[in-house]
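Next come the chains, spelled out residue by residue.
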Amino acid sequence: MSDVVEKTLTALPSLLSLDSQPGSAKLSSTSKLGNLIRGITELTSKHEEEKLIQRELTSIKDQVSSPNTSMRQMKELMVRAIYCEMLGYEASFSYIHAIKLAQQGSVLDKRVGYLAVSLFLNESHELLLLLVNTVLKDLQSTNLIEVCMALTVVSQMFPKDMIPAILPLVEDKLNHPKEIIRRKAVLALYKFYLIAPNQVQHIHNKFRKALCDKDPGVMTASLHIYLQLIKENSEGYKDLTASFVTILKQVVGGKLPMDFNYHSVPAPWLQIQLLRILSLLGKNDQSTSEIMYEVLDESLRRAEMNHNITYAILYECVKCIYTIQPKSELLEKAAKCIGNFVLSPKINLKYLGLKALTYVVQQDPKLALQHQMTIIECLDHPDLIIKRETLELLFRITNGQNVTVIVEKMLDFLRISKDDYTTIDLVGKVAELAEKYPFETMNTVFSLGGDMMQPDIPNSFLKLLSEGFDSDEEDRKLRLFAVDSYVSLLQSEPNKLPQRFLQVISWVLGEYSHLSAELEPATVMTLLSKLLDLKHTSSETKSWVLMAMTKLCEGGVAISVAQDIYETHSSSMDTVLRQRAQELQHLSQDSELRGRVLPRDAGLMPLEVDSSLSFLDGFVSEALAAGAAPYKPPHQRQEELAQAKALSLEPYSLSLPISMSSCSIADRQSPTLMSMSSGLSGDSTDLSHKGGSTTLKLDGVKRVWGREGYLAQREPVEETAQVEVPSPLRSPSQQAEADSTQSQTPTPTVTPELEQDKQQLASSLFVGLGSQSSVCLMGKSDPTPQRFRRKAQGRASSSGASEKTPTSLGSTPSPVDNLLCNSLLDSNLVSEPTNQTPQASQSLDTTNGNCHEELTDVKENNPSLIHNNEEPDKPKDLCLSSHLPTELSGLSHSEITPLCSNQSVNLSACHVQKEDSLQLVIFIFNSSDSALQQMQLQVDSGELKVNYCLSLITDSPVEEVRSHSVAVCHYSVTVKRPSVHVEVLGMLSYQLPGGTPQTIQFSHKLPLTTFIRPLTLSTEEYGSMWLAFSQDTKQNLTLINDDQDPLTTTLNVLKKKLQLHVVEIIGVEGIVACQLVQDQPCLMHCRVHAGTLAVWLRSPVPDLPDCLLYHCQRALQEH
Amino acid sequence: MQFMLLFSRQGKLRLQKWYVPLSDKERKKISRDLVQTILARKPKMCSFLEWRDLKIVYKRYASLYFCCAVEDQDNELITLEIIHRYVELLDKYFGSVCELDIIFNFEKAYFILDEFLLGGEAQETSKKNVLKAIEQADLLQEKTIFHLQSVLEKNVICP
């Protein structure tokens, strides 16, 4: 397309010069701008362009200053001047003429004059003062266009001091009959408010009038002011909340004129503005937030995902929902919205999704868990912006466990980033993390961030090092490690290190190299002296180096090195260096003095600073007595100099014979006063003032340092090792088959290994985000060596098995089913007691031990192979569990059990025990290659009350599930009528494109125990309740007779397995209480009698005692 | 909004509007940097850019790049739509606008922008009202500006 434009542009001159058409003749003769543009396009070099423009500017300059130039010509000249300025050539001579044009021209010329002024000048330009009168005149004009122009220029730029002059006129315009004038006046006042808020304070009530204006445009304009006002003081405007909500309701409901629609969305700009205001008002304010819940819900509902503009509104809604006081239903919907953004193939939406995640992740870290795979994909995104935003997100979720991985990612980014601003920002973030979670990566930070980083970063790092942690031994190791690594750095190629890093290195070596037994001070001295010889070493760095040497010079060789250094630097042009060299020389000669001046390990000893320099009093009085002039502060000296107008012909007096070196050594100044005094080490004079308050809070920070440095490198190695072990599917003999099945793999882009790799990355990144619930993730968080070995064995045996029995591979689940099958198998394995994975908690086992399940034949076919294959790691379980609804993903869920499946769908379910209910989650996985349409899931039960919570189908009963993706239905279940096992019946109906409607039925049994919760009460309460209950049952149970107190043991078993609460045990009697959600208590009285346990249950609910007794019996039998 | 820039694929500035006071030198530096950065980006990449402490939102329409700088907490998508609405306005005013219209009638483009955005904020979002305001002012203007479309073939902008 643009080629066409280019061609047209090149063809333009010839076209225009043809002059055959009347139109073009007109253009070439009258439009000088046309000529200019044409002229420029003809040119080939920048130099020629420059010449042409200069010529043009000279001609413009001549004409504008000529008194014969009419205003109309002036207008034309201004347009050309603007054009020249746009090309980057200065035309400042025309500024004054622009103002003149605005002042004197007719309405039409004025317009260009004002435009030129607004383009040429900015609000601090002094010429703007000349415009004030013109504006005043035009504001009072009867010509609407003139008033508009004046208001337009005023709302773009106006000298702050002159606001009072025009303010009354602008205020008056708020009552103007024309809405366009009112609107512009409001915006002008908004501008005034921004640059001089106190000048418009008195007209706040007029803003309210604007807010109530009958014209939506004026009202919209007034919201700019309100947003600003509320940003500064949200408390003052709470009373307006209801009005804003009403406005938003009307807008969302389509009550505005159609003119305000944008792509058939009603006034999106207005909506977004209102949402922002609401989020500010509702922040930390429950009652205000409550007013807006309804309209937010409505906005979310109305904004159907179809156009950028609705996404913009949704994004703002989500932000608002997460900013105001939380409401769970809205949060759910918002979380879903974020999910849609993140998963969107449109890159802009993905970016916003990440941004939204970053915004909400502190409140809701589990949301990041849900989208971890997407986040990891985004980390490798080719667009750096996406990558950068992902890092921002990771930065927010950093904790002690994942910090090393995240910092590595950040450093990777730093290595490729070329943008200074990003580098500074990111280095700052890495350093912040490094301080929170100290580790060796600081080295990399220093060498990469280099001299760009803020000076306080190395300072605080050194401070950290010198203050140390809680244990001396650790400190010693840490410092020793630093010394060793720095020495080796210096030995390799010190000339590549940035200055700041060199400074850090020299300080550390000076302070701590004595810790290393095998390191001779002389060696360090020699290394350091090489730094002095480097060309690019700055004198600041050199003085750090010399300072370090001063601390080190000990023993014969070192002293001779010091001597050499002294000789080279004692004549340096730099006084600081000369002084350091002097110090070095003196102190190397006198080791006793050195010990006193620079005591070892004095890092934390508070230094007393005599800031009045009283120790010099004697010296001063002596000097005064000897005739020296009294000290005058610099400003006084300067004044006197200014007064003495005549040249001073007297020679300057000799400087006082002060021994500079000796006096400054005495208070042990740092080589670079500025940076050192910010409190980094023993040199710091600040330290004693600040006291304990400056110490870093390191409690609870995981120690990542070790003797060998931090362990970050090791972890990834382990991970890659795992990945590289060939999985049986890919063993050479089966390669061909594997490849052929590969092509059918539902995940088209990633190979299983890659996927696994990513999941491993996920587990290391998202570790520690949820509670124990997200078992698979958490389990991987710290792979102990033992666990790893076990895995490796599993791998080995499985690959062996596959070689021996190649046929058995034929019946492995086809990769199409992989996603679900693996999780099915996993759950099966877990429910077998022998295969308990360490992650599965005790209670989950018991509660799900007897789930009714239909198993796919795959599993029955070949359990042993699958066992070997899948037992060691079960990343696939992630896939389904990551689909858990947000509010459940933090809680521990049962194994995901398969319900039923056919060629196109797999249904599975799990449940989550909440305190007041049981949450049933059904996963619908579409394993076919086409989307499921008109999907409808019905769940019903005779014994249960099933409440539909949230799903993709909330908005409409018809739903679509894309190919190879998962839909989740979530129900809250409570017991209507107790029975031993309660059964949920369900039916899913759906349609494949072009196919007939299909249904698939399933049943899912939940043991009553999943609904039992402990009931905490006192013995007295127990007593009164006991008498009130009517339903009862008695029976004798077996007593567990294994130790001295059979009753306690038995009750503890029951307590553990059935979640009962043991109220009290007195002698041979015990009382126990529990409840069926919600609030259906059941009490149990137990007595040991003749070797059995006589149990008596009472409850207000029929059947409950019987059912519970059954489970007690089973629990004790199983034991 | 902090500023808006229009530039061609060759990196030539076509329109610049600054809503924050900046010196000439800074303006030049910023536009040079930004034009370079944006031209270097591939078509499939994200329309948003973090640049210094600002968020840059840009979109390419045929041979012209429209680029806005907003603050970090601003809504990027709505900024993208502001650009689009501006293009719609230009299109309606010039009658399927092309780069040449903007080059030769850049002051008109400025007038339209001023009716649409004022002081960096959306002033009037109703397309009808903006154009009405422009037409009223134009009615007074003689028809001296020659429209190129009669001479040249139009290059229709594809959004």
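Residues numbered from 1 in each chain as written. Chains lettered and ligands numbered in written order. Predicted model: local features only at pLDDT ≥ 70, side-chain atom pairs only at ≥ 80, totals over all residues. Heavy atoms only, no water.

Enquirer: Hey, could you run me through the sheet that holds strand 10 (residues 997–1007) of chain A in this one?
Expert: Strand pairing within a sheet occurs via backbone hydrogen bonds; the two strands may be parallel or antiparallel. All names here are of chain A. Pairing is antiparallel in the open sheet, where three strands are placed in the order 6-9-10. This sheet does not close on itself; its edge strands, each paired only once, are strand 6 (933–940) and strand 10. Pairwise comparison of adjacent strand axes, ignoring direction, gives a mean angle of 15 degrees for this sheet. In this sheet, strand 10 lies alongside strand 9 (residues 981–991) in antiparallel orientation, the contact comprising 11 bridges. Within the sheet, the bridge partner assigned to Glu-983 lies in strand 10 and is Lys-1005. (Pairing = 2+ DSSP bridges. Helix = DSSP H or I, 4+ residues; strand = E, 2+ residues; numbered from the N terminus. Axes fitted to C-alpha atoms, helices over the stretch in contact; angles between N-to-C directions.)

Enquirer: Could you clarify how one ought to interpret the packing of aromatic side chains in this entry?
Expert: Two aromatic rings are characterised by how far apart their centres lie and by the angle between their planes. Taken as a whole and assessed by the stated rule, the structure comprises 19 aromatic pairs over all chains. Aromatic pair Tyr262(A) and Trp269(A): ring centres 5.0 Å apart, planes at 75 degrees, arrangement edge-to-face. According to the relative accessible area criterion, Trp269(A) is buried, its value standing at 9%. Members of the aromatic cluster, connected to one another through ring pairs, are Tyr83(A), Phe106(B) and Tyr110(B). (Phe/Tyr/Trp six-rings, centres within 6.5 Å; stacked < 30°, edge-to-face > 60°. Buried < 20%, exposed > 50% of the residue type's maximum accessible area, 1.4 Å probe, protein only.)

Enquirer: So what exactly am I meant to see when it comes to the pairing of strand 15 (residues 1080–1089) of chain A here?
Expert: For a regular strand, side-chain orientation follows a simple rule: the groups alternate between the two sheet faces. Residues and elements named next belong to chain A. For strand 15, a buried count of seven out of 10 residues is recorded, marking the element as mostly surrounded by other parts of the structure. Taken together, the eight bridges between strand 14 (residues 1069–1076) and strand 15 define a ladder with antiparallel strand orientation. Bridged to Val-1072 within strand 15 is Met-1084. A loop of three residues connects strand 14 with strand 15, the two strands running antiparallel in sequence, and Asp-1079 in this loop sits at a positive phi of about 55 degrees. Counted along the chain from strand 15 to the antiparallel partner strand 16 (residues 1092–1099), the turn is two residues long, and its residue Ala-1090 has a positive phi close to 50 degrees.

Enquirer: Mind showing me how you'd approach the sheet that holds strand 4 (residues 54–61) of chain B here?
Expert: All names here are of chain B. Reading across the sheet, the five strands line up as 2-1-5-4-3 and stay open at both edges, with antiparallel pairing between neighbours. Two strands in the sheet have a free side with no partner beyond their single neighbour: strand 2 (13–18) and strand 3 (48–51). Here the strands of the sheet are splayed against their neighbours by 20 degrees on average, with no regard to which way each runs. Bridge count between strand 4 and strand 5 (residues 64–70): seven bridges; the pairing is antiparallel.

Enquirer: What should I look at first to understand the interface of chain B and chain A in this one?
Expert: Buried accessible area, meaning the area lost when the parts come together, often serves as the stated size of an interface. Of the residues lining the interface, 79 residues belong to chain B; the matching set on chain A comes to 80 residues. Buried surface at the junction of chain B and chain A, both sides included, amounts to about 7,200 Å², of which 59% is carbon and sulfur. Counting across the chain B and chain A interface gives seven salt bridges. Between Asp383(A) and Arg41(B) there is a salt bridge whose closest N-O contact spans 2.9 Å. For the pair chain B and chain A, the interface holds 27 residue pairs in polar contact (both at pLDDT 80 or more). Those elements that place two or more of their residues in the side of chain B that touches chain A are strand 2, helix 1 (24–39), strand 3, helix 2 (76–94), helix 3 (99–104), helix 4 (106–116), strand 7 (121–122) and helix 5 (127–140) of chain B. Among the residues making up the side of chain B that touches chain A, the classes are represented as 32 nonpolar, 17 polar and 30 charged. (Contact = heavy atoms within 4.5 Å. Buried area = accessible area lost by both parts, 1.4 Å probe. Salt bridge = Lys/Arg side-chain N within 4 Å of Asp/Glu carboxyl O. Polar contact = N/O pair within 3.5 Å; in protein donor to acceptor, adjacent residues only side chain to side chain. Nonpolar A, V, L, I, M, F, W, Y, C, P; charged D, E, K, R; others polar.)

Enquirer: Help me out: how do you make sense of unusual backbone geometry in this one?
Expert: Glycine aside, residues mostly have negative phi angles, and peptide bonds mostly take the trans form. Residue and element names in this part refer to chain A. At His-263, a position not held by glycine, the phi torsion is positive, near 50 degrees. Summarising the element assignment, His-263 is placed in the loop between strand 1 (261–262) and strand 2 (265–266). If you check the backbone angles, Asn-284 has positive phi at about 55 degrees while not being a glycine. With respect to the helices, strands and loops of the structure, Asn-284 is situated in the loop between helix 15 (268–282) and helix 16 (286–302).

Enquirer: When you look at the pattern of salt bridges in this model, what are you seeing that I'm missing?
Expert: Close approach of charged atoms lets side chains of opposite charge pair. Taken as a whole and judged by the stated rule, the model has 36 salt bridges over all chains. For the salt bridge of Asp259(A) with Lys128(B), the shortest nitrogen-to-oxygen distance reads 2.8 Å. Of this pair, Asp259(A) sits in the loop between helix 14 (241–252) and strand 1 while Lys128(B) sits in helix 5, which puts the two residues in different chains. Judged by its relative accessible area of 27%, Asp259(A) is partly exposed. Across the pair Lys55(B) and Asp72(B) runs a salt bridge whose closest N-O atoms are separated by 3.3 Å. Separated by 17 residues along the polypeptide, Lys55(B) in strand 4 and Asp72(B) in the loop between strand 5 and helix 2 bring together distant segments of the chain. Look at Lys55(B) and you get buried, because its relative accessible area is 1%. Overall, Asp72(B) belongs to the partly exposed group, its relative accessible area being 39%. Connected through shared salt-bridge partners, Lys355(A), Lys55(B), Asp72(B) and Glu76(B) make up one network.

Enquirer: Looking at this model, I keep getting lost on helix 14 of chain A. Mind explaining?
Expert: Counting along an α-helix, one turn takes 3.6 residues, and residues three or four places apart therefore face a common direction. Residue and element names in this part refer to chain A. Compared with the 16 Å implied by 1.5 Å per residue over 12 residues, the 16 Å span of helix 14 between its first and last C-alpha is a close match. Of all the positions in helix 14, only Thr-241, Phe-244, Val-245, Ile-247, Leu-248, Val-251 and Val-252 are classed as buried. Each buried residue of helix 14 lies within a common arc of 160 degrees when the element is viewed along its axis, so the set occupies one face. Gly-254 sits one or two residues past helix 14 and shows a positive phi near 75 degrees. (Expected span 1.5 Å × (residues − 1). Arc of directions from axis to C-beta.)

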